[in-house]
Amino acid sequence: MSGELSERMHKEELSQEEKAANRLDTADPGHRHLFHVPPADGGRYQQAAYLAGNSLGLQPRATRDELFADLEAWRCLGVEGHLAAMRPWLPYHELLTGPTARLVGARSTEVVVMNSLTVNLHLLMVSFYRPTGTRTRIVIEDSAFPSDSYAVRSQARFHGLDPDTTVLRLTPRPGEDTLRTADVRDLLAAEGDTIALVLLGGVNYLTGELMEIPEITAAGRAAGAVVGWDLAHAAGNVPLALHDWDVDFAAWCSYKYLNSGPGGLSGVFVHERHLADPTLPRFEGWWSTEAATRFEMSPVARPPATAEAWQVSNPPILAMGPVRTSLELFDSVGMTALRERSVRLTGYLEWLLDQVTPGRPLAVVTPRDPARRGAQLSVRIGTGSAAELAKRLRLEHGVVADAREPDVVRFAPVPLYSTYHDCWRVANALAATVEVH
Ligand SMILES: *Cc1c(COP(=O)(O)O)cnc(C)c1O
């Protein structure tokens, strides 16, 4: 077949695919109408195909008015807003407790929303990384998000330990991209008595691998370690059952799948079994003491037996508003329905990519098994720069994806607002941008 003919057939095939994508959107519509979708920088569509919700989630349409109402309370009430606002500021954080607990599968006493993610990892490690004797090591993934790596290395130094020997980095087998649970389990069994803390990403930010959280948690705890999870890429992406899975602690941010705005607040989980433990060290402030006696201004804190004991400062109301608005949406749609649509949408993108990658220097590195991934497919490019490719996708096709240098571009079809047509645009843009070799 001549190159020209195959090229033409390719185009005709894709245009049928576009119609098919539109039909799928009619049948399985999602909640895009509840979000602001940015305009496209280039290409022939008005709206961007926004596949970067794993980096920064889109703005829910409800956020602005809700935030404005909190701002109005401050304008009209001044300090009285602590008690007299429509949503009084003093107990404001409690509005987030129920929806947060439902989102991550926790008891309401086990969660609190506060600070930002890396700060919370440090606050939690103050309590849960307690190196003693020869049990000093911290296990992370070699491809952990750099902030997590910096955090655990600085914790090691804080305890007078050498970060190079204290931090044990899990690597996939040679030639593989993702971790095997059995290998993690074997390592924990073999090295267990030297390990104080296991701190892994629930969904790896780079490869999109969803870890087998209950199995690894059980293996880590059986080895005598404390097991914490960074759920930055898991919260709002995959169903979680942190209490039942016996996770010791976890933290996540709210600006990725949770759509609460740039730098949005972080959620924290501490398992019930730790909540009333008076031997746990903890950094405290006036919001760590029980609410009922807080304003007696006692010099000694009386922490409640809840995750709120880890709160240090009074919460930023204007940052909590967007989290509250977003969590209401998750509550009303439900993680089960979201996950079902997510599996369909990501499966569809995978199917489209499988038609585009052969012959091109592109390979999906995310696990093929839907049970081992969330709403993200990471594509490794064999030649050229990932940032350059992402830029061309955006400027020439209006496809917004996220590049991780040197060679990975990440596409996240977010079940709340991404469409089958967005997925088609990704495949179409890759086919037009990356030459067949
Ligand atoms: C996004 C992300 C962070 C970001 O940390 P901040 O403290 O919110 O800036 C940290 N860890 C992981 C795994 C992430 O994906």
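Residues numbered from 1 in each chain as written. Predicted model: local features only at pLDDT ≥ 70, side-chain atom pairs only at ≥ 80, totals over all residues. Heavy atoms only, no water.

A word on the environment of R135
And then number 1: As for its placement among the helices and strands, R135 is situated in the loop between α5 (117-128) and β3 (137-141).
And then number 2: Of the residues examined, R135 reaches a relative accessible area of 23% and is grouped as partly exposed.
And then number 3: In contact with R135, not counting residues within four places along its chain, are G192, D193, T194, I195, A196, A223, G224 and A225.
And then number 4: There is a polar contact of 3.1 Å between the side chain of R135 and the backbone oxygen of A223. (Helix = DSSP H or I, 4+ residues; strand = E, 2+ residues; numbered from the N terminus. Buried < 20%, exposed > 50% of the residue type's maximum accessible area, 1.4 Å probe, protein only. Contact = heavy atoms within 4.5 Å. Polar contact = N/O pair within 3.5 Å; in protein donor to acceptor, adjacent residues only side chain to side chain.)

Brief notes about the side chain of D230
And then number 1: Within the secondary structure, D230 is located in strand β6 (residues 226-230).
And then number 2: One buried charged residue, D230, remains without a salt bridge, the closest side chain of opposite sign being K256 at 6.5 Å.
And then number 3: Once you skip the residues sitting within four places of it in the chain, D230 turns out to touch L117, L121, D148, L199, L200, G201, G202 and A251. (Lys, Arg positive; Asp, Glu negative; His and termini not counted. Salt bridge = Lys/Arg side-chain N within 4 Å of Asp/Glu carboxyl O.)

Focus on the nonpolar core
And then number 1: Of all hydrophobic cores here, the largest spans 63 residues; its most connected members are W229, L231, L242, W252 and L416.
And then number 2: Per-element tally for this core: the top contributor is helix α11 (residues 317-333), with 7 residues.
And then number 3: L242 has contacts with V104, G105, L231, V247, A250, W252, F269 and H271, leaving out every residue within four places of it along the chain.
And then number 4: Membership of the second largest hydrophobic core comes to 30 residues, among which are L353, L362, V409 and V426. (Core = buried A, V, L, I, M, F, W, Y, C linked by side-chain atoms within 4.5 Å.)

Notes on helix α2 (residues 63-77)
And then number 1: Its 15 residues place the ends of α2 21 Å apart at the C-alpha level, agreeing with the 21 Å of an ideal helix rising 1.5 Å per residue.
And then number 2: Those residues of α2 lying buried are T63, D70 and A73. Relative to the axis of α2, the buried residues are bounded by an arc of 95° and lie together on one face. Turned more than 90 degrees off the buried face of α2, the exposed positions are R64, D65, R75 and C76.
And then number 3: For α2, the secondary structure elements touched by its buried residues are α11.
And then number 4: Once α2 finishes, G78 follows within two positions and takes phi at roughly 55°, a positive value. (Expected span 1.5 Å × (residues − 1). Arc of directions from axis to C-beta.)

Observations concerning the pattern of salt bridges
And then number 1: Inspection of every chain in the model, using the stated rule, returns 33 salt bridges.
And then number 2: Taking the shortest distance from any N to any O, the salt bridge between D164 and R153 comes out at 2.9 Å. Taken together, the positions of D164 in helix α7 (residues 163-166) and R153 in helix α6 (residues 146-158) put the pair 11 residues apart, joining distant regions of the chain.
And then number 3: The class of D164 is exposed, set by a relative accessible area of 57%.
And then number 4: The residue E350 makes a salt bridge to R373 at a minimum N-O spacing of 2.9 Å. Here E350, found in helix α12 (residues 335-356), pairs with R373, found in the loop between β9 (362-364) and β10 (377-381); they are 23 residues apart in sequence, far enough to count as distant.
And then number 5: Owing to a relative accessible area of 11%, E350 belongs among the buried residues under this scheme.
And then number 6: On the basis of relative accessibility, which here comes to 3%, the residue R373 falls in the buried class.
And then number 7: Where salt bridges share partners, they join E66, D70, R87, R324 and E328 into one cluster.

Quick notes on the site of the ligand
And then number 1: In the neighbourhood of the ligand, the contacting residues comprise L117, T118, F145, D148, D230, A232, H233, Y255 and K256.
And then number 2: One of the side-chain N or O atoms of T118 is found 2.6 Å from an oxygen atom in the ligand.
And then number 3: Within the side chain of D230, an N or O atom sits 3.1 Å from a nitrogen atom of the ligand.
And then number 4: Protein burial of the ligand: of its 390 Å² of free accessible surface, 83% is covered by the chains.
And then number 5: A breakdown of the residues in the shell around the ligand according to their chemical character gives 4 nonpolar, 2 polar and 3 charged. (Near = heavy atom within 4 Å. Areas by Shrake-Rupley, 256 points an atom, 1.4 Å probe, with all protein chains shown as cover. Nonpolar A, V, L, I, M, F, W, Y, C, P; charged D, E, K, R; others polar.)

Regarding the packing of α5 against α6
And then number 1: Look at α5 against α6: their axes get within 10 Å of each other, and the N-to-C directions meet at 30°. Relative to α6, the element α5 lies roughly parallel. Once α5 is placed against α6, the crossing between them reads as right-handed. When α5 is examined against α6, the residues T118, L121, H122 and M125 are found in contact with a partner set consisting of S147, D148, A151, V152, S154 and Q155.
And then number 2: Taken together, the residues of the contact of α5 with α6 break down into 4 nonpolar, 5 polar and 1 charged. (Axes fitted to C-alpha atoms, helices over the stretch in contact; angles between N-to-C directions. Parallel < 35°, antiparallel > 145°, perpendicular 65-115°, else oblique. Left-handed = near helix turned anticlockwise from the far one by under 90°.)

Brief notes about the domain arrangement of the protein
And then number 1: Taken domain by domain, the protein holds domain 1 (2-30 + 334-433) and domain 2 (65-332).
And then number 2: Summarising the inter-unit geometry, the C-alpha centres of domain 1 and domain 2 are found 31 Å apart.
And then number 3: Contact with domain 1, which involves 22 residues of that partner, is made by 26 residues of domain 2.
And then number 4: Carbon and sulfur atoms make up 55% of the area that domain 1 and domain 2 hide from each other, which totals about 1900 Å².
And then number 5: Among the residues domain 1 hides against domain 2, the three largest losses belong to M335, R372 and L416. Together they make up 33% of the total.
And then number 6: Our enumeration of links across domain 1 and domain 2 arrives at 3 salt bridges.
And then number 7: R372 is the salt-bridge partner of E212, the closest N and O atoms lying 3.9 Å from each other.
And then number 8: Sort the elements by how many residues they give to the side of domain 1 that touches domain 2 and α12 lands first, with 3 residues. (Domains from an automatic or database assignment. Buried area = accessible area lost by both parts, 1.4 Å probe.)

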